[in-house]
Amino acid sequence: MGKLIVLEGTDGTGKSTQFDLLLKRLELEGTALRHVRFPRYDQPSSALIRMYLNGAFGSDPDAVNAYAASTFYAVDRYASYVQDWGADYRAGNLILCDRYTTSNAVHQGGKVPPQERQAFFQWLYDLEYGRMGLPKPDLVLLLDMPTSLSEQLMRRREAATHTKADIHEADSDYLARCRQTAREAAAFYGWTVISCARDGKLRTKEDIHQEIFDQVFRIISL
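Note that the coordinates shown come from a computational prediction; the quantities given were computed from them, not determined experimentally.

### Regarding the pattern of salt bridges
A pair can form between side chains of opposite charge whenever their charged atoms are brought close.
Move 1: By the definition in use, this model includes 18 salt bridges.
Move 2: Put simply, Arg37 and Asp20 hold a salt bridge, and the shortest N to O gap is 2.2 Å. Taken together, the residues span a long stretch of sequence, with Arg37 in strand β2 (residues 33-37) and Asp20 in helix α1 (residues 15-28) at a distance of 17 residues.
Move 3: In this structure Arg37 comes out as partly exposed when scored by relative accessible area, which is 33%.
Move 4: We note a salt bridge from Glu128 to Arg77, for which the minimum N-O separation is 2.8 Å. Here Arg77 lies in helix α3 (residues 66-90) and Glu128 lies in helix α5 (residues 117-131), a separation of 51 residues in the sequence. Side by side, Glu128 and Arg77 carry an identical accessibility label, which is buried.
Move 5: Bridged by salt links that share partners, the residues Lys15, Asp20, Arg37 and Asp98 form one connected network.

Here you go:
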């Protein structure tokens, strides 16, 4: 089997930027890999995800419970694995993912009462890795940023790109819950946390990138 590395983070943490930086550097250094971004909004398997995020089931993220919403995303990953990158992974290649099963833990786990969260984490991994047969990551890097800073970045991005926030991005309380849940998930699953801020100030994207690359290089060199 190959190696599977996941870059995870709540909305507004700069995850897409860091994923692009990592991908470019690995490709420049001649590392053979496949990269996948989830959800795959351009594919039929993401239909329920698009409906959910656009508010078809309610404008409040909590309108769809964590277990139901998680299945929307899990189906998209299953289709991707079977139709796209599964053969490469089984052939021993490196797979780099922008979000994965980990996103259900972060974004849906926040809907679950704190005392029930670990049971949800266990259910989620059993669903996707046990029942559906998706591969477990060799490394998960969680980008962690105070919610106030991530919201500032999202609002700037929306203004610059003239895009509208989805029901996750527009809900401040939900974003704060997701950050807390992400930290709990990292502790539960053993993810590596990359802090994007120090002393209340953002680190440079170059500084964050180097820490990410060092962690990835350690895994792919094994």
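So much for the structure itself; the text now carries on.
### Side note on the nonpolar core
Move 1: Counting 29 residues, the largest nonpolar core has Trp85, Cys97, Tyr100, Tyr189 and Trp191 as the members making the most contacts within it.
Move 2: Elements with a minimum of two residues in this core: β1 (3-9), α3, β3 (94-98), α4 (101-108), α5, β4 (139-144) and α7 (172-189).
Move 3: When near neighbours in sequence (up to four residues on either side) are disregarded, Trp191 contacts Thr102, Ala105, Val106, Tyr125, Val140, Leu142, Ala182, Ala185 and Ala186.
Move 4: Residues Leu26, Leu94, Leu96 and Ile219 belong to the second largest nonpolar core, which totals 22 residues.

### Side note on α5
Move 1: Here α5 spans 20 Å end to end across 15 residues, near enough to the 21 Å set by a 1.5 Å rise per residue.
Move 2: Of all the residues in α5, the buried ones are Arg117, Phe120, Phe121, Leu124, Tyr125, Leu127, Glu128 and Tyr129. Buried positions in α5, seen along its axis, are confined to an arc of 155° and lie on one side of it. For α5, exposure combined with an orientation more than 90 degrees from the buried face picks out Gln118, Gly130 and Arg131.
Move 3: Those residues of α5 that are buried lie in contact with α3, α4 and α7.
Move 4: Just past α5, the residue Gly133 takes up positive phi, approximately 80°.

### A closer look at the packing of α4 against α5
Move 1: At a minimum axis distance of 10 Å, the contact between α4 and α5 shows a crossing angle of 155°. Between α4 and α5, the angle falls in the class roughly antiparallel. Seen from above, α4 lies across α5 with right-handed handedness. Residues Thr101, Thr102, Asn104, Ala105 and Gln108 of α4 form the contact with α5, whose participating residues are Phe120, Phe121, Leu124, Tyr125, Glu128 and Tyr129.

### Here we look at the UniProt feature "binding site: ATP" (unreviewed entry) in the protein
Move 1: What UniProt calls "binding site: ATP" (unreviewed entry) maps, in this numbering, to Gly9, Thr10, Asp11, Gly12, Thr13, Gly14, Lys15 and Ser16.
Move 2: Separated by 3.3 Å, the side chains of Asp11 and Arg99 make a polar contact.

### Side note on a nonpolar patch on the surface
Move 1: Together, Leu48, Met51 and Phe57 make up a nonpolar patch on the protein surface, roughly 240 Å² of accessible area in all.
Move 2: Following the sequence through the fold, Met51 ends up in helix α2 (residues 47-53).
Move 3: When its relative accessible area of 37% is taken as the criterion, Met51 is described as partly exposed.

### Some points on the sheet that holds β3
Move 1: With respect to topology, five strands assemble into an open sheet ordered β2-β3-β1-β4-β5, the strand pairing being parallel. Each of the sheet's edge strands pairs with one partner strand only, and the pair in question is β2 and β5 (192-195). Within this sheet the neighbouring strands show an average axis-to-axis angle of 20°, counted without direction.
Move 2: In terms of strand pairing, β1 meets β3 through five bridges, oriented parallel.

### A few points about the pairing of β4
Move 1: Buried residues dominate β4, accounting for six of its six residues.
Move 2: As paired elements, β4 and β5 share four bridges and run parallel to each other. Its bridge partner lying in β5, Leu142 is registered against Val193.

Cut-offs and rules
Residues numbered from 1 in each chain as written. Predicted model: local features only at pLDDT ≥ 70, side-chain atom pairs only at ≥ 80, totals over all residues. Heavy atoms only, no water. Salt bridge = Lys/Arg side-chain N within 4 Å of Asp/Glu carboxyl O. Helix = DSSP H or I, 4+ residues; strand = E, 2+ residues; numbered from the N terminus. Buried < 20%, exposed > 50% of the residue type's maximum accessible area, 1.4 Å probe, protein only. Core = buried A, V, L, I, M, F, W, Y, C linked by side-chain atoms within 4.5 Å. Contact = heavy atoms within 4.5 Å. Expected span 1.5 Å × (residues − 1). Arc of directions from axis to C-beta. Axes fitted to C-alpha atoms, helices over the stretch in contact; angles between N-to-C directions. Parallel < 35°, antiparallel > 145°, perpendicular 65-115°, else oblique. Left-handed = near helix turned anticlockwise from the far one by under 90°. UniProt positions renumbered as here; feature names shortened; annotations may be inferred. Polar contact = N/O pair within 3.5 Å; in protein donor to acceptor, adjacent residues only side chain to side chain. Patch = residues over 30% accessible without salt bridge, like charges linked within 9 Å, V, L, I, M, F, W, Y side chains within 5 Å. Areas by Shrake-Rupley, 256 points an atom, 1.4 Å probe, with all protein chains shown as cover. Pairing = 2+ DSSP bridges.

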